[in-house]
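# Overview (structure and organization)
The primary structure of each chain is shown beneath.
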Amino acid sequence: VGTPRAGKGGQIVFLTGAFKIARIFGIDIEIDYSWLIIFSLVTWTLSTGFYPINFPELSLNTNIILGTVTSIVFFASVIFHELAHSLVAKINGLEIHKITLFLFGGASQIAEEPQTAKVEFKMAAAGPLSSLFLAVLFWVVSSSFANLLPIYRLPLLFLAEINLILAIFNLVPGFPMDGGRILRSIIWHITKDFYKSTRIAAAGGKIVAFGLIAWGASRIILVGDISGTWMILIGFFLNQAASSSLQQLKIKQVLQKIEVKELMENPISIPSGSPISEGIRDYVTKFKTDNFPVTKNNQVIGIVDLNDAKSVPEDKWDETTIDKIMKPIDSSYVVSEEDKALKALSIMDAKHISKVPVINKLNKFVGLITDQGLDYYLTLELKP
Ligand SMILES: [Zn+2]
């Protein structure tokens, strides 16, 4: 049983997989497959509901074109909103992984938490402000041309309205929504306590989530409006997001309090120069894992994944050393005995490795922090 771990500052790991569509200001924009559902739903509603009601004289094809174009511009507005978050983050020195469009909208995947309350406030406010800017822009364009045909004016007004809704909805004070982040930054600024402010903002997130679920359910039961299903889904998602943000925070708190030497396991490594065949026979089978540090004179020089032995023909395993398939490492891959355990977790996440070698003051290899070891400890510590 694994404990959900602090994955890169709360990055959303979503359902199915994603594909990249663009790169703007050095930030990858990608689409999660789940987004295709919401894109189809919005396009369908516009093409067969909204536009035919307003333009009964137009052909179905024209309404479908109008609906599709409006839908695309709407999701471009969502990307614009996320770019605003990401650019402010980037300007303040935070690393951006990417922007993902998914079932419930957009998400900027930022590698770490902001360092100060001010940075968090600016980052969070940038999104709703950018949506507000677009709302005004679409409204101004739609109303500045008096003789604009309704077929142009209505989509512009729709886009103005939907961006306004986006700005307002995101300002609802439930973490991790923008409004919840703004709330956290304000409490953080006042109390100087990052953990406390996150707890309060996440509690706000849960209240908003249950409110949405209750509202959606009452729409369905009282009015028979099935679009309430959507609110319920967003509510569940938000509740989940608030819980996991809080969980990550607890994990960081727990691992910040304990030193590496208290959690480290036996220093198992494969000596540099060992043949691949020996690594597989004497280590993989015995320790039931594929990953080992490689040591030379008691110092760690690399990490080997014996799955990579596949890249060498099997009849060459006796004469090829593990050094050929190992990944050389530097000091950014190791922790020292006195480091906090949190540092080992950050290294695992950043380098995508499951074991972090521990060294002592003399640079000698003395132990290992493993992800199973951390999971086990966290499961005990976080037990309710
Ligand atoms: Zn936002």
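Shown above is the structure to which this text applies.
The paragraphs below set out a description of the structure included in this document. Note that the structure is predicted; figures quoted are calculated from it, not measured. (Residues numbered from 1 in each chain as written. Predicted model: local features only at pLDDT ≥ 70, side-chain atom pairs only at ≥ 80, totals over all residues. Heavy atoms only, no water.)

## Topic: the nonpolar core
- In this structure, Trp35, Phe74, Phe75, Leu101 and Met123 are the most contacted members of the largest nonpolar core, which totals 36 residues.
- Only β2 (27–32), α1 (35–54), α2 (60–91), β3 (96–102), α3 (117–144) and α4 (150–170) provide two or more residues apiece to this core.
- In contact with leucine 101, not counting residues within four places along its chain, are Glu30, Ile31, Asp32, Trp35, Phe75, Val78, Ile79 and Gly106.
- Leu263, Ile353, Val356 and Leu378 belong to the second largest nonpolar core, which has 28 residues in total. (Core = buried A, V, L, I, M, F, W, Y, C linked by side-chain atoms within 4.5 Å. Buried < 20%, exposed > 50% of the residue type's maximum accessible area, 1.4 Å probe, protein only. Helix = DSSP H or I, 4+ residues; strand = E, 2+ residues; numbered from the N terminus. Contact = heavy atoms within 4.5 Å.)

## Things to note about the environment of alanine 344
- You can see alanine 344 is positioned in helix α10 (residues 341–351).
- It is 6.9 Å that separates the C-alpha atoms of alanine 344 and isoleucine 369, two residues lying 25 residues apart in sequence.
- Alanine 344 has contacts with Val335, Val356 and Ile369, leaving out every residue within four places of it along the chain.

## So, the coordination of the zinc ion
- For the zinc ion, the full set of protein donor atoms is His81 (NE2), His85 (NE2), Asp178 (OD) and Asp178 (OD), and the range of their distances to it is 2.0 to 2.6 Å.
- Around the zinc ion sit four donor atoms, and with donor-metal-donor angles ranging over 55 to 153° the site reads as irregular.
- Each donor residue of the zinc ion belongs to the same chain, and together they define the spacing H-x3-H-x92-D. Residue histidine 85 is located in helix α2, and its partner aspartate 178 is located in helix α5 (residues 178–191); the two are separated by 93 residues in the primary sequence. (Donors = N, O, S within 2.8 Å, 3.2 Å for Na, K, Ca; no water. Tetrahedral: all angles 85-135°; square planar, octahedral: opposite > 155°, others 65-115°.)

## Some details on the sheet that holds strand β6 (residues 291–296)
- Taken in spatial order, the four strands make up an open sheet running β5-β6-β7-β8, and their pairing is mixed. Strands at the two margins of the open sheet, each flanked by one partner only, are β5 (270–271) and β8 (327–328).
- Relative to β6, β5 is paired through two bridges, and the arrangement is parallel. Residue isoleucine 270 lies in a different strand from β6, and its bridge partner there is valine 294. (Pairing = 2+ DSSP bridges.)

## Let's talk about the pattern of salt bridges
- Taken as a whole and assessed by the stated rule, the structure comprises 11 salt bridges.
- Salt-bridge contacts for glutamate 120 lead to arginine 181; the nearest nitrogen and oxygen are separated by 3.6 Å. With glutamate 120 in helix α3 and arginine 181 in helix α5, this residue pair connects regions lying 61 residues apart in the sequence.
- Its salt-bridge partner being lysine 343, residue aspartate 339 comes within 3.4 Å of it at the nearest N-O pair. (Salt bridge = Lys/Arg side-chain N within 4 Å of Asp/Glu carboxyl O.)

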